[in-house]
Amino acid sequence: MLQYIGRRLIQTIPMLIGISLILFIVFSLMPSDFIDLQYANVKISAERLAEIKEKHGLNDPTHIRYFRWVSNMLKGDFGESSQFKKPVTTVIGDYIWNSFLLAVVAQILAILIAVPIGIYSAVKQYSIFDMLFTVFALIGISIPAFFFGLVLQKIFAVDLGLLPLIGMRTAGSKLTGFADALDVMRHMVLPVVVLTLISVGGLMRYTRTAMLEVIRQDYIRTARAKGLSENVVIYKHAFRNAMIPLITLLGFMLPGLFAGAILTESIFGWPGIGRVALQSINQRDYFFLMAFNVLMSVLTLAGNLLADLLYAAADPRIRLQ
């Protein structure tokens with residue numbers, strides 16, 4: 001196992017080099033940079049502008065800037081965010097855990113809701129329950145997150161006044177301890193509901209499809225013929241084998257936990273990393289965007305490795321070599 005993990009980690013090195021190279025080339029091809037945006041409405045001579053860019057190393061050839069960026073990155077220095085005037089690592093640390101808090105709660109709720117419903121829909125295929133939740137899943141997949149979020153805000157925040165409209169904490173509050181945690185939880189309710197409902201539909205359909213493929217296999221009929229209870233057949237024999245495609249999906253959830261939800265965070269004014277990424281695009285904050293994309297790439301590769309390890313745990317026939 002450790003040998004396999006070590007080999008996979010070594011294989012990720014050339015992949016990360018390729019990803020970093022592509023990212024840097026794409027951002028270097030952008031028609032303007034943060035200096036152009038910063039002095040767009042300021043009277044400044046071309047010589048002075050070129051001097052400022054020279055000071056930031058923006059006039060150097062692309063390959064020199066790339067190696068300088070990679071060299072600094074290996075030392076833990078991802079550059080300075082042009083919009084926050086702080087190190088990029090500090091900006092990411094300030095906002096990424098807010099997004100993680102939303103995402104992890106929403107994903108846990110989505111799994112707890114979708115997986116049992118998907119299993120039951122597969123076992124009771126074409127029943128009223130199955131058709132009802134199939135419609136529900138299609139609605140959840142089809143409705144855009146921003147529309148659903150606005151509807152919830154109108155009903156529960158504006159009309160009924162039960163929940164906060166935006167933000168992570170009540171403006172101006174100086175709450176601490178449990179009162180502060182309770183205030184954060186009240187602000188989390190609506191965005192978590194949106195993220196959960198848009199995730200439940202797809203996960204439920206994946207679970208249902210995976211279970212339908214498994215419960216038609218000969219070994220399931222054999223297990224039933226041996227007189228095993230239906231719960232043992234479904235949850236011990238069928239669901240374990242149906243987990244393989246679900247594990248693939250769960251592996252991709254890892255980067256999603258830290259990537260933030262751009263639309264949902266923007267609608268609910270949640271100070272997450274997704275909203276910061278959107279602002280960074282508008283502000284040409286390329287150092288932040290490159291670091292953020294490198295982080296997401298690392299998490300995606302880690303999610304793939306985690307999924308491969310879980311395959312072997314779920315199915316003993318799979319050997320990691």
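Let us look at the structure shown here. The model shown is predicted, which means the values in this text are computed figures rather than measured ones.

1. Some details on the nonpolar core
Core analysis: the largest hydrophobic core is formed by 26 residues, its most contacted members being F27, W69, I92, F258, I273, F288 and F292. Residue assignment for this core shows that the elements contributing at least two residues are α1 (2-28), α4 (62-74), α5 (88-123), α10 (230-259), α12 (273-282) and α13 (286-314). Ranked by residues supplied to this core, first place goes to α13 with 9 residues. Counting residues in each nonpolar core, the second largest holds 24 residues, with I117, V233, A242 and M253 among its members.

2. Some details on the environment of G303
Here G303 shows up in helix α13. For G303, a relative accessible area of 0% puts it in the buried group. Remark: the alpha-carbon pair of G303 and S81, spanning 222 residues in sequence, is separated by 27 Å. Excluding residues that lie within four positions of it along the chain, G303 makes contacts with G251 and L254.

3. Quick notes on α4
Because each turn of an α-helix spans 3.6 residues, side chains separated by three or four positions end up pointing in the same direction. Counted at 1.5 Å a residue, the expected span for α4 with its 13 residues is 18 Å, and the 18 Å between its end C-alpha atoms agrees. Every buried residue belonging to α4 is among R65, Y66, W69, V70 and M73, and all of these are buried. Angularly, the buried residues of α4 cover 130° about the axis, an arc narrow enough to put them on a single face. Structural note: α4 exposes F67 and L74 on the side pointing more than 90 degrees away from its buried face. In this fold, the buried residues of α4 make contact with α1 and α13. Among the residues trailing α4, G76 stands out with phi positive, at a value near 90°.

4. Considerations on the packing of α1 against α13
Remark: α1 packs on α13, axes separated minimally by 10 Å, with the N-to-C direction vectors making an angle of 155°. When the axis of α1 is compared with that of α13, the two are roughly antiparallel. Considering the relative orientation of α1 and α13, their crossing is right-handed. In this structure, α1 contributes Y4, I5, R8, L9, T12, M15, L16, I19, L23, F24 and F27 to the contact, and α13 contributes Y286, L289, M290, N293, V294, S297, V298, L301, N304, L305, D308 and L309. Counted by class, the contact of α1 with α13 contains 17 nonpolar, 4 polar and 2 charged residues.

5. Side note on the packing of aromatic side chains
Here the distance between the centres and the angle between the planes together describe a pair of aromatic rings. Throughout the structure, instances matching the rule amount to 11 aromatic pairs. With 6.3 Å between their ring centres and 50° between their planes, Y66 and W69 make a pair best called tilted. You can see Y66 and its partner W69 sitting in helix α4, 3 residues apart, about one turn around the helix. With relative accessibility at 10%, the residue Y66 sits in the buried group. With 5.8 Å between their ring centres and 10° between their planes, F288 and F292 make a pair best called stacked.

Conventions used here
Residues numbered from 1 in each chain as written. Predicted model: local features only at pLDDT ≥ 70, side-chain atom pairs only at ≥ 80, totals over all residues. Heavy atoms only, no water. Core = buried A, V, L, I, M, F, W, Y, C linked by side-chain atoms within 4.5 Å. Buried < 20%, exposed > 50% of the residue type's maximum accessible area, 1.4 Å probe, protein only. Helix = DSSP H or I, 4+ residues; strand = E, 2+ residues; numbered from the N terminus. Contact = heavy atoms within 4.5 Å. Expected span 1.5 Å × (residues − 1). Arc of directions from axis to C-beta. Axes fitted to C-alpha atoms, helices over the stretch in contact; angles between N-to-C directions. Parallel < 35°, antiparallel > 145°, perpendicular 65-115°, else oblique. Left-handed = near helix turned anticlockwise from the far one by under 90°. Nonpolar A, V, L, I, M, F, W, Y, C, P; charged D, E, K, R; others polar. Phe/Tyr/Trp six-rings, centres within 6.5 Å; stacked < 30°, edge-to-face > 60°.

That's the geometry; what it means functionally is another story.
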